[in-house]
Every structure is written in C-alpha cells, then in structure tokens.
Amino acid sequence: MSADTTRLDAATLASKIHAGELSSVEVTQAHLDRIAEVDGEYNAFLHVASEQALAAAAEVDRAVAAGEKPASALAGVPLALKDVFTTTDMPTTCGSKILEGWVSPYDATLTVKLREAGIPILGKTNMDEFAMGSSTENSAYGPTRNPWDTSRIPGGSGGGSAAALASYQAPLAIGTDTGGSIRQPAAVTATVGTKPTYGTVSRYGLVACASSLDQGGPCGRTVLDTALLHEVIAGHDPRDSTSVNAAVRPVVEAARQGAAGDLTGLKVGVVKELHSDSYQPGVLSSFDAAVETLTKLGAEVVEVSCPHFEYALASYYLILPSEVSSNLARFDAMRYGMRVDDGTMSAEQVMAATRAAGFGKEVKRRIMIGTYALSSGYYEAYYGQALKVRSLIAQDFDKAYEQVDVLVSPTSPFTPWKLGEKVDDPLAMYLSDLCTLPTNLAGHCAMSVPSGLSADDGLPVGLQIMAPALADERLYRVGAAFEAARGPIVA
Ligand code: GLN
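- The name recorded for the protein in an unreviewed UniProt entry is Glutamyl-tRNA(Gln) amidotransferase subunit A, from Rhodococcus gordoniae.
- Regarding the protein, the relevant UniProt record gives this comment under Catalytic activity (unreviewed entry): "L-glutamyl-tRNA(Gln) + L-glutamine + ATP + H2O = L-glutaminyl-tRNA(Gln) + L-glutamate + ADP + phosphate + H(+)".
- What UniProt records for the protein under Sequence similarities (unreviewed entry) is the sentence "Belongs to the amidase family. GatA subfamily."

Below is the structure:
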C-alpha cells in the first residue's frame, strides 16, 4: 500500500485525496515511511518534519470530510522544500555550517503559499552551500547521491529536491535556480523542473545567493505536476522589490493542452551555440532524437544563432560572485547562526574566525572573486564588462524570439558524473552550467524535461526548453507534448 502510494503522481494523489479515496495522512505517512526506509542511502533530506507534515495533512482530511472546497488543486499532496526557504517550524541551513540549527523568525512567502495551499511539507532538502555548485557536494552535511546510480552526483545545487523526487520520497519538490540549480538536477535524475520568469515567484524569505538571478521554482516527476505546483507558488508579492506585478501564467491549462500532442504552428529554435562537439555524444544523440520528436508533433524546427552565449559563463561567474560577496556579508557572527568567540577576541576577530570556520571552500572562493571584481580599479574591467555581456545575451534572445516561439538545447552537456570527479576542478564543474546560464542572465524562463537515457552510459539526459519572460506557458505546452510522445523512461 505505502509503496504503491509513493509511486503515484501528484495530480492523481490530489484527485484521490479530494474524492476521499485516500487520506492525506496516509499519503503523507507513506512518504515519511519511505524517507525513513531509503534516505540513509541518498541523503536527500537535511530535516524531516513528520509531526508538522501530518498535522497539515490531518487538516486537509478534516476539510475533505466536512465537504469543504480543497485549499488548492494540490491540497493534501506532500512536498520536499529546498533548505534555502525560511520556515519557522524547522531549521534553515542552506547547506552551510554557518547556519547550523538556525530557525527563522518568519516564513518565506513561498512557504506561506504552500501552507495556505494545504501542502504538507515533509522536510528540507540538501543543497550545495548557499546554492553554489552543480553536484550537491558543496553541502556541509555530506553529498546527496543520485538514485539512478548512487556512486554519481544528483546535480546541484538542488540535488536533494531532485533525488527526493527520483527516489519516490516526495511527489513534489521546490528548488531555486540562479544558474541552473533546478534544471540541471532535474536533467541528471530524469525529473522535471522549471525556472520561472524572474520576479514571478517571490524571493521574500529565500536566502539570497545572487539576487538578480535567483528564482524559486517547481519540481515534479511529470510536466502536469510541475505546472500545478507552479501555479501555487507564483504571484506578485509586495514584500519582494523585484516581484513582477502580472497575472500568474496559465501553465496548467497549457500542460493539459500540450498533452494532446499537437504542436502544429509552433516554431522551435535549436541554439547553434548550445550544441557542441565537446558535449557527451549520448547527450547530443538524445537531444537530436528529441528534436525529431518535436518535428513529428508538428512543430517547425529551425536553427538559430545566439553568438554571445559563448561569453555567458564568463559573465555569470563575475556577476554571481559579485552579488555573493555583498549578500553573504550579512553572516557576520552577530545576527545569524554560528559564532566563534573565545572571549578575548575583538568584534572583527570574531567575524573573521566565524566566517573562516563557517563557510566552505567554494563559498570562500566566490566571495574572494566577487570582492576582487568589485574593487576599485577593477570594477569596470570585470563587473562592468560582465553587465555589458549580460545585455548582449538578452539581445541575442530577443532576436531569436522574433523568429521562434521557444528555444531548445540539452539541459546539461553531460550525464551525472561520479562523486568526487570534479571537486578539485571548479572550472570543470562550472562547465556543466553552460546551457542553463543564459536564461538566468536574461531573466527569462526555462524547463528541463527528461529526454531519455544516454546511449553511451544509460544515464538520464534532459531536454531544455526556453521561452521569453512571462511566456512560461509555452514551456508547459511543449514539455507536456514531448513527455506524452516520448513515453516513460525505464532503466
Ligand atoms: N551551478 C551554478 C552555480 O554554481 C548554479 C547554481 C544555482 O543555480 N543556484 O552557480
């Protein structure tokens, strides 16, 4: 019973719960049991909140029994939350030692929306420290393992959320995507993840990595589940100064429409610069097959060129560290979390000792790069130039979207690599973000949907679908059509 329940998708679970065929308490308990049974192997969760999740589930069951309208389309379906959104009833660590055991005095807007939607939060998921990384190996609490092969990385920074989905510990999850942290983990675990248009999901209570790039988003095992969650978490928030005051995009309707399998009239652009011989051959062949499928569904496929994408990585890895160096200054040993103080130290010594002990290597590396890039005499040459490139990338996108409705590429140039393989080579790690970064720099939206298993190693490959700002519904139409045509992915 419990094993079967954890295999169901969120849409099915919701309809069964709302019809009174399954209770939310039994569904939530089944997932808690599954976590207890298997998470020792995967390390997807940093905290599990059984009591709170069951209490939220019981409230949904009470409402169903009383004949009340469900609080949302997903009421009663439990979820795994990336440990970067604040929660008042469990710690928020961001995968960092510096925040070990820290409990926020307020809930993030996204957390409030989940609670109001009647979605029980099973717990908080593992991540690269402060969302910096592509493998979840930068977590201070040990790496997460890929359920497809536990000797391999689950992607990052949201590897915990993706692994929780892929190992049936949760039917829904939340991630954040600054440069690919929702899409790349989705790709390497054969799950679905969307980075919504920048500003459409509130950042209030999302611990900042790089504020001009960060965006929370939905993760699921199907495109429809991801769409249902997308509509729950999106919406204008006056507490986030960069929140977009626009209606929530009709992504659920688009996913349902797409599932009918007709893409006639749709124009798809294959980005020439995101299809390179340096990518893994099995990734390229899976991508080429996906493009065939889109053509069979009626889409018109053309090649487009975005010449400045070549500089996206260099631009991102200056802009992100610059914002990181300023955002992470708040961890000063005075206000949050850990404090190293032997009683004889000055305030400055306490701050330095705490930051030295509390931050991991990658976070320190980025703080140093960012501080250098922003320092006087270098600011124009590094940060200023990176911002110019950012504008050129946005212009490339604009030109491309004059010709096509969506763009496609592989999500990641490689399938999941072995744990440990790239930890000593930051640049090799950064290269896995090559295809995802441009979308963040432009503030647009993109999705990763499984495209199949690589012919060279049998591991998951993701298809990335990109669309302009506030056109998120296009991702879902194409994603759902592709998912239906592709069929299930079985190892
Ligand atoms: N892997 C990218 C980085 O390390 C993206 C991180 C993210 O999206 N949070 O910066």
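## Looking at the site of the ligand
- Around the ligand sit 15 residues, and of these Ala131, Thr178, Gly179, Ser181 and Tyr316 come closest.
- Take Thr178: an N or O atom from its main chain is 2.8 Å from an oxygen atom of the ligand.
- Separating an oxygen atom of the ligand from a backbone N or O atom of Gly179 is a distance of 2.7 Å.
- Contact with the protein chains covers 100% of the free accessible surface of the ligand, which is 290 Å².
- Per element, the largest residue contribution to the shell around the ligand is three residues, and it comes from helix 11 (residues 312–327).
- Across the shell around the ligand, the residue classes tally to five nonpolar, seven polar and three charged.

## Considerations on the environment of Gly175
- Tracing the sequence through the fold places Gly175 in strand 4 (residues 172–176).
- What makes Gly175 buried here is its relative accessible area of 3%.
- Through-space distance from the C-alpha of Gly175 to that of Pro218 is 6.4 Å; in sequence the pair is 43 residues apart.
- Leaving out residues up to four positions away in the same chain, Gly175 has contacts with Lys82, Phe85, Ile182, Gln215, Gly216, Gly217 and Cys219.

## Notes on the pattern of salt bridges
- If you walk through the whole model with that rule in mind, you get 15 salt bridges.
- With a closest N to O distance of 3.2 Å, Arg62 and Glu68 form a salt bridge.
- When the shortest N-O distance is used, the salt bridge between Lys97 and Glu100 registers 3.8 Å.
- With relative accessibility at 32%, the residue Lys97 sits in the partly exposed group.
- When its relative accessible area of 48% is taken as the criterion, Glu100 is described as partly exposed.
- Overlapping salt bridges, with partners in common, bring together Glu59, Arg62 and Glu68 in one network.

## Points about unusual backbone geometry
- Note that the residue after Gly156, namely Ser157, is joined by a cis bond; omega there is 10°.
- Secondary-structure assignment places Ser157 in the loop between strand 3 (121–125) and helix 6 (159–166).
- Its identity as a non-glycine residue notwithstanding, Cys94 has a phi of 55°, on the positive side.
- Secondary-structure assignment places Cys94 in the loop between strand 2 (79–82) and helix 5 (109–116).
- According to the relative accessible area criterion, Cys94 is buried, its value standing at 0%.

## So, the state of the cysteines
- What the rule picks out here adds up to zero disulfides.
- Looking at the unpaired Cys219, the closest cysteine sulfur is the one in Cys445, lying at 15 Å.
- Summary of cysteine pairing: Cys435 is not part of a disulfide, and the nearest cysteine sulfur, belonging to Cys306, is at 12 Å.
- According to the relative accessible area criterion, Cys435 is buried, its value standing at 0%.

## Digging into the UniProt feature "domain: Amidase" (unreviewed entry) in the protein
- UniProt records the feature "domain: Amidase" (unreviewed entry) at residues 26–475, using the numbering of this structure.
- The distance from the first to the last C-alpha atom of residues 26–475 is 33 Å, and the span holds 38% helix and 13% strand.

## Re helix 11
- Compared with the 22 Å implied by 1.5 Å per residue over 16 residues, the 22 Å span of helix 11 between its first and last C-alpha is a close match.
- For helix 11, a buried count of 14 out of 16 residues is recorded, marking the element as mostly surrounded by other parts of the structure.

## Looking at the side chain of Thr226
- Among the secondary structure elements, Thr226 is positioned in helix 8 (residues 223–233).
- The buried category is assigned to Thr226, whose relative accessible area is 0%.
- Among the polar contacts made by the side chain of Thr226, one reaches the main-chain amide nitrogen of Gly220 at a distance of 3.4 Å.
- Excluding anything up to four places from it in sequence, Thr226 contacts Val192, Thr194, Pro218, Cys219, Gly220 and Tyr476.

## Let's talk about the environment of Glu303
- Of note, Glu303 is situated in strand 8 (residues 300–304).
- In sequence terms Glu303 and Ile393 are 90 residues apart; their C-alpha atoms lie 17 Å from each other.

## Details of the sheet that holds strand 3
- The 11 strands are arranged 1-3-2-4-6-5-10-11-9-7-8 in an open sheet whose pairing can be described as mixed. The open sheet is flanked by strand 1 (45–48) and strand 8, the only strands paired with a single partner. Sheet twist, expressed as the mean angle between neighbouring strand axes with direction ignored, is 25°.
- Sheet analysis places strand 7 (residues 267–271) next to strand 8, joined by five bridges and oriented parallel. For Val268, the partnering residue across the bridge sits in strand 8 and is Val301.
- Where helix 14 (residues 380–403) meets the sheet, its contacts fall on strand 7, strand 8, strand 9 (406–410) and strand 11 (460–467), and the angle it forms with strand 9 comes to roughly 115°.

Conventions adopted
- Residues numbered from 1 in each chain as written.
- Predicted model: local features only at pLDDT ≥ 70, side-chain atom pairs only at ≥ 80, totals over all residues.
- Heavy atoms only, no water.
- UniProt positions renumbered as here; feature names shortened; annotations may be inferred.
- Near = heavy atom within 4 Å.
- Polar contact = N/O pair within 3.5 Å; in protein donor to acceptor, adjacent residues only side chain to side chain.
- Areas by Shrake-Rupley, 256 points an atom, 1.4 Å probe, with all protein chains shown as cover.
- Helix = DSSP H or I, 4+ residues; strand = E, 2+ residues; numbered from the N terminus.
- Nonpolar A, V, L, I, M, F, W, Y, C, P; charged D, E, K, R; others polar.
- Buried < 20%, exposed > 50% of the residue type's maximum accessible area, 1.4 Å probe, protein only.
- Contact = heavy atoms within 4.5 Å.
- Salt bridge = Lys/Arg side-chain N within 4 Å of Asp/Glu carboxyl O.
- Disulfide = S-S within 2.5 Å.
- Expected span 1.5 Å × (residues − 1).
- Pairing = 2+ DSSP bridges.
- Axes fitted to C-alpha atoms, helices over the stretch in contact; angles between N-to-C directions.

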